[in-house]
Amino acid sequence: MKKENTRETDILYKGTRVKKNARTPETLPLYLTTAFNVDDLADLKNRYKEQGYTYIRTRNPNRNALSELVTYLEKGQNSIICSSGMAAISTTLLTVCHSGDHIVADHTLYGESIDLLEKLKTYGVSVTFVNVADRDEVEKAFTKHTVAVYTETISNPTINTIDIEKIAALTHEHKSQLIIDNTFATSYLLSPLTQGADIVVNSLTKFANGHSDVCLGSVTSSNAFIKKAYDLQVLLGTTAAPFDAWLCERGMRTMDLRVQKQSDNALELARFLKNSKFVKKVHYIGLADHTQHQLAKKQFSNGYGGMLSFELSENETLINKFLNKLTFVHYAMTLGGYRTTISHPATSSHYDMPKDQRLKLGITDGLLRVSVGIENINDLIEDFKDALTVYDV
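In short, a report on the structure. (Residues numbered from 1 in each chain as written. Predicted model: local features only at pLDDT ≥ 70, side-chain atom pairs only at ≥ 80, totals over all residues. Heavy atoms only, no water.)

### What to know about the side chain of Gln-233
For clarity, the threshold we go by: Only DSSP runs of H or I covering at least 4 residues are called helices, and only runs of E covering at least 2 are called strands; the numbering of each starts at the N terminus. The rule is simple: take the accessible area with a 1.4 Å probe, protein chains only, and divide by the maximum for that residue type; under 20% is buried, over 50% is exposed, in between is partly exposed. Throughout, a contact is declared for two residues whenever any of their heavy atoms are within 4.5 Å.
Along the polypeptide, Gln-233 turns up in helix H8 (residues 223-236). Among the residues examined, Gln-233 registers a relative accessible area of 2% and is labelled buried. Setting aside residues up to four positions removed in sequence, Gln-233 forms contacts with Ile-80, Ile-81, Cys-82, Thr-91, Thr-238 and Thr-239.

### Quick notes on the sheet that holds strand S10 (residues 330-331)
Applicable threshold: One requirement defines pairing of two strands: DSSP has to find at least two bridges between them.
Reading across the sheet, the five strands line up as S8-S9-S12-S11-S10 and stay open at both edges, with mixed pairing between neighbours. The open sheet terminates on both sides in strands that have one partner only, identified here as strand S8 (281-283) and S10. Bridge count between strand S9 (residues 307-311) and strand S12 (residues 367-371): five bridges; the pairing is antiparallel. Residue Glu-311 lies in a different strand from S12, and its bridge partner there is Leu-367.

### Describing the sheet that holds strand S3 (residues 126-130)
Here is the rule we go by: Helix axes use the C-alpha atoms of the stretch in contact, all axes being lines fitted to C-alpha atoms, and the angles between their N-to-C directions lie in the range 0 to 180 degrees.
One open sheet accounts for seven strands, arranged S1-S7-S6-S5-S4-S2-S3; its pairing is mixed. Both outer strands of the open sheet, strand S1 (78-82) and S3, are each paired with one neighbouring strand and no more. Across the sheet, the mean angle separating the axes of adjacent strands is 20 degrees when strand polarity is ignored. Both S1 and strand S7 (residues 217-221) contribute to a ladder of five bridges, which runs antiparallel. When the bridges of S7 are listed, Asn-78 appears paired with Ser-221. This element, helix H7 (residues 164-173), spans strand S4 (146-152) and strand S5 (177-181) of the sheet and lies at about 150 degrees to S5. In the packing of H8 onto the sheet, the strands contacted are S1, S5, strand S6 (199-203) and S7, and the crossing angle to S1 comes to about 25 degrees.

### Some words on helix H2 (residues 41-50)
The test is simple: Whenever a nitrogen or oxygen atom comes within 3.5 Å of another N or O atom, the pair is scored as a polar contact, on the condition that within protein one atom can donate a hydrogen and the other can accept it, and that pairs from neighbouring residues in sequence are kept only if both atoms are in side chains.
One side-chain oxygen at the N-terminal end of H2 lies 3.1 Å from the backbone nitrogen of Ala-42; it belongs to Asp-40. One or two residues past the end of H2 sits Gln-51, with phi positive at roughly 55 degrees.

### A short note on the packing of aromatic side chains
Put simply, the test is: Aromatic pairing here means that ring centres of Phe, Tyr or Trp (its six-membered ring) are within 6.5 Å. Orientation follows from the plane angle: under 30 degrees is stacked, over 60 is edge-to-face, and everything else is tilted.
Taken as a whole and assessed by the stated rule, the structure comprises seven aromatic pairs. Seen from their ring centres, Phe-310 and Phe-384 are 6.2 Å apart, and the 70 degrees between their planes marks the pair as edge-to-face. Remark: Phe-384 occurs in helix H14 (residues 377-387) and Phe-310 occurs in strand S9; sequence separation between them is 74 residues. For Phe-384, a relative accessible area of 0% puts it in the buried group. Every member of this aromatic cluster is reached through a ring pair, and the members are Tyr-31, Phe-36 and Tyr-53.

### Digging into the pairing of strand S2 (residues 102-106)
Two faces make up the sheet, and in a regular strand the side chains alternate between them. Where we set the bar: Orient the strands so they point away from the viewer; a crossover is then right-handed if the path from the first strand over the helix to the second runs clockwise.
Burial within S2 is extensive, with five of its five residues counted as buried. Tracing the backbone out of S2, into helix H5 (residues 111-120) and back to the parallel element S3 gives a crossover that is right-handed. Judged from the four bridges that link them, S2 and S4 form a sheet pairing that is parallel. Paired with Val-104 across the two strands is Val-149, which belongs to S4.

Here you go:
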């Protein structure tokens, strides 16, 4: 008869196994375990064969569930889930390029995406920054070493878009891959892969999760590319934490509802700001007089997104008064949450960019970026209307 274990041992093992049928929970359980036990070497070999669960960095049920959801929404063949949007971007670029390769990148990319591309130059990867909305400029940038074009569906913070089908066709003519960051639009508004893109990256931290409480990214593409990206991801350690994946998978269940409301609110807020005598310019592709509105109508579904920017006079004192007079809209260095937030790109996302270069991109000292939430639109407009009275001097 087996001897009973002591308390010292049993405290480690009691309650570690589910003893009754628990195979069909209403919501996906959270798998925080760093490892899954195997019965023997035969079981271990079978796990490897079927790509089952063994260790947290290689595979986790919560990451896999989120990957399945993202792949479906982005209309790809497979996805990997990364520890941040930048982890998704870095894993993608390191999978795509090698020393001696060349990348064509949009000059209005997210500031840290530009920093990463600049860093790649130290590893023998050359980069040419262009206006991807200008087909001729993109065409001239290609070299025999170009492996990819990297751009965004909606630029940050100037809120412009690109003709994906045209850029994709041009990219493929040069035997290169088109990488598109779809963070600002989300798959609810735009499907880059169906319009010719080869790889789509997302910062799931933003609109996808929508609750400002996780940091995650994703890469979606063909099975072949994702296999390469996954193998590199495991070595780089850019895999996402299970809890973040679990939270994001929960948040994405309401993404379509949130993004629709955010898009509707953004359009109404943009129209209000456009008619304000204190606002110099509004950047929002949903406005009928925006130079890219017809292109946006062709490419986008369900609206034009929850991001807009607008320009005030370049008076720091008045900008600070405006920010302080807002009552429920607050400054935040992120976007995509269900509450409306505001930021000043010149001192946040593009703070380290030389001023002359920043101004060429249209990022003035009076530019403010707004991530529109799901508040009552009348309350939202009233908050901005009241805060803008500080300019009535």
